[in-house]
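# Structural overview
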Amino acid sequence: MSQPLRLKKNADRRLKAGHLWIYSNEVDTRETPLKAFQAGELARVEASNGRALGVAYVNPGSLICARVMSRDPAMEVDRSLFVHRFKQALALRERLYAGPFYRLIHGEGDLLPGLVIDRFGDVVVVQLNTAGMEALGEAIVDALEKVIKPAAIVFRNDTGERRQEGLDAQVEVVRGTLPDEVLIEENGVRFAVPVLDGDSTGWFFGHRDSRAWLNRHVAGKRVLDLFSGAGGFGVQAAASGASEVLCVDTSGSALEQAAHNAELNGVHEQVAIGEGDALEALAALKADGEQFDVVVVDPPALIRKRRDSNSGERAYARYNREAMRLLGRDGLLLSASSSMHLAPERLMDVVRGAVRHQDRHGQVIFQGHQAADHPVHPAIAETSALKALGVRVFRD
């Protein structure tokens, strides 16, 4: 580490409480100018009195200008540190799951800010979301080969977080050979995962528990899966005995994947696909007099920044309201959100408003959260984003 990063007086309070982020307005830029740092450079973090607080990587061009990698200021941030953290993370996942299909590293939740790694058996997909992690990419790959010994390591460096850090988009296989098809199993159902061109890393492990809950309530039911992607909810519903499933998404390639996943599980006759905008699809289905026993509403994050909260909540409300129109007299709605800025109680308000708009009653019978392979750091609210409500919607 070439130089220290000194904080203003009392600016170390959040770090003392366990947080790992340092904002640019917390830095004493007279003592340690941010412009003196290169993006991704490591620095010794100091309180205003010079007391060492740990080691962090710095990006002077980002609002979150530094992220703590260790509270030991003498810690070497290298392959050995990643091997240690990967082993810690692996021990948790192996305790939780029988098969090697999970999020291995959940950023700050696993004390590795800016790093996401999903494991699909012998294939691991890595997202280096910050300049600091970008600079440490080779050490990360070497540590993965030491701890996991994967057949292939893929970089999916095409996230919005990277753009905010001033980093280029890049998708590539950096080690090994990618098999023709990457397969996983979730809740006893097989899926092919498009790791090179699917959304995020190719799969969303975070909804594992919510899908498992829904699977128990779909036997013999007609299910509508909005924003279906590759069929995480819909294909599992069919495999769990749903009589009919309609998967709706704007992505033709995602729907092709959903159809393929239905074939993998022998439920292709129960699963239909419909490409198009969710609201337009809902309107068309309503006009055709269609009704469903179960509707899943799982849109992409509609609130990316706090200032978008009002418009985002209106969008969530509209999707839920229109979806409820298609439920029979006694139906089940699974309403989900991956927006960190939408608090669980606000999702409850959205659902309540949608129920009353339809002049129905609602009973919340399930409250879901991101799966345990997405551990929440108790000092960092941003590590908790995913939430879901299972709601019985009925008439008098």
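Read on for a plain summary of the structure. The structure displayed is predicted, hence computed values, not measured ones.

### A short note on the sheet that holds strand E2 (residues 21-23)
- The five strands are arranged E1-E3-E4-E5-E2 in an open sheet whose pairing can be described as mixed. Strand pairing shows two members of the sheet lacking a second neighbour, strand E1 (4-6) and E2, which therefore form its edges. Recorded for the sheet is a direction-independent mean angle of 40° between the axes of neighbouring strands.
- The sheet contact formed by E1 and strand E3 (residues 41-46) spans three bridges and is parallel. Following the sheet pairing, Pro4 is matched in E3 by Arg44.

### Comments concerning helix H6 (residues 208-215)
- Burial of H6 is extensive: six of the eight residues sit out of reach of the surface.
- The set of residues buried in H6 consists of Arg208, Ser210, Arg211, Trp213, Leu214 and Asn215.

### Considerations on the packing of aromatic side chains
- Scanning all chains against the criterion turns up seven aromatic pairs.
- Where Phe191 meets Trp203, the ring centres are 4.6 Å apart and the plane angle is 40°; that geometry is what we call tilted. Linking Phe191 in strand E12 (residues 189-192) with Trp203 in the loop between E12 and H6, this pair joins segments that are 12 residues apart in sequence. Residues Phe191 and Trp203 agree in their burial class; the two are buried.
- A centroid spacing of 4.5 Å and a plane angle of 10° characterise the contact between Trp213 and Phe366, whose relative ring orientation is stacked. Of this pair, Trp213 sits in helix H6 while Phe366 sits in strand E18 (residues 361-369), and the two are 153 residues apart along the sequence. As far as burial versus exposure is concerned, Trp213 and Phe366 are alike and both buried.
- Geometry around Phe292 places Arg222 over its ring, the cationic atom sitting 4.6 Å from the centre.
- In this arrangement the basic side chain of Arg392 is found over the ring face of Phe394, its NZ or CZ atom lying 4.6 Å from the centre.

### Details of the pattern of salt bridges
- Summed over the entire model, instances satisfying the criterion amount to 24 salt bridges.
- In this structure, Arg222 engages Glu290 in a salt bridge whose closest nitrogen and oxygen atoms are separated by 2.9 Å. Highlighted residues: Arg222 in strand E13 (residues 222-226) and Glu290 in the loop between helix H9 (278-287) and strand E16 (292-297), separated in sequence by 68 residues.
- Among the ionic pairs, Arg346 bridges to Glu313, the shortest N-O distance being 2.5 Å. Highlighted residues: Arg346 in helix H11 (residues 344-357) and Glu313 in helix H10 (residues 309-324), separated in sequence by 33 residues.
- Accessibility expressed as a relative area gives 33% for Arg346, which makes it partly exposed.
- Taken together, the shared-partner salt bridges connect Glu313, Arg346, Asp349 and Arg352 into one network.

### Considerations on the pairing of E13
- Here E13 lies mainly inside the structure; four of its five residues are buried.
- Pairing analysis gives five bridges linking E13 to strand E14 (residues 244-249), with the strands arranged parallel. Pairing of Leu226 across the sheet is with Val248, part of E14.
- Crossover handedness for the path E13 to helix H7 (residues 232-239) to E14: right-handed.
- Judged from the four bridges that link them, E13 and E16 form a sheet pairing that is parallel. Looking at the pairing, Leu224 lines up with Val295 of E16.

### Re the pairing of strand E6 (residues 101-106)
- A large share of E6 lies buried, amounting to six of its six residues.
- The pairing of E6 with strand E7 (residues 115-120) spans five bridges and is antiparallel. Bridged to Tyr102 within E7 is Arg119.

### A short note on the side chain of Gln236
- Inspection of the secondary structure puts Gln236 in helix H7.
- Here the side chain of Gln236 touches Asn215 through a polar contact of 3.0 Å, side chain to side chain.
- In this structure Gln236 touches Glu186, Asn187, Val189, Phe191, Arg211, Asn215 and Gly231, once residues within four positions along its chain are discounted.

### Brief notes about the environment of Gly40
- In this structure, Gly40 sits in the loop between E2 and E3.
- Between the alpha carbons of Gly40 and Glu134 there is a distance of 7.3 Å; along the sequence they are 94 residues apart.
- Once you skip the residues sitting within four places of it in the chain, Gly40 turns out to touch Tyr57, Val58, Ala131, Gly132 and Ala135.

### A word on the environment of Ser337
- Following the sequence through the fold, Ser337 ends up in strand E17 (residues 327-337).
- You can call Ser337 buried: its relative accessible area is 0%.
- Sequence separation between Ser337 and Leu389 is 52 residues, and the spatial gap between their C-alpha atoms is 9.2 Å.
- Here Ser337 is in contact with Tyr316, Leu342, Ala385, Leu386 and Lys387, once residues within four sequence places are set aside.
- At a separation of 3.0 Å, a polar atom in the side chain of Ser337 contacts the side chain of Tyr316.
- Among the polar contacts made by the side chain of Ser337, one reaches the main-chain amide nitrogen of Ser339 at a distance of 3.1 Å.

About the criteria used
- Residues numbered from 1 in each chain as written.
- Predicted model: local features only at pLDDT ≥ 70, side-chain atom pairs only at ≥ 80, totals over all residues.
- Heavy atoms only, no water.
- Pairing = 2+ DSSP bridges.
- Helix = DSSP H or I, 4+ residues; strand = E, 2+ residues; numbered from the N terminus.
- Axes fitted to C-alpha atoms, helices over the stretch in contact; angles between N-to-C directions.
- Buried < 20%, exposed > 50% of the residue type's maximum accessible area, 1.4 Å probe, protein only.
- Phe/Tyr/Trp six-rings, centres within 6.5 Å; stacked < 30°, edge-to-face > 60°.
- Lys NZ or Arg CZ within 6 Å of the ring centre and 35° of its normal.
- Salt bridge = Lys/Arg side-chain N within 4 Å of Asp/Glu carboxyl O.
- Right-handed = clockwise from strand over helix to strand, strands pointing away.
- Polar contact = N/O pair within 3.5 Å; in protein donor to acceptor, adjacent residues only side chain to side chain.
- Contact = heavy atoms within 4.5 Å.

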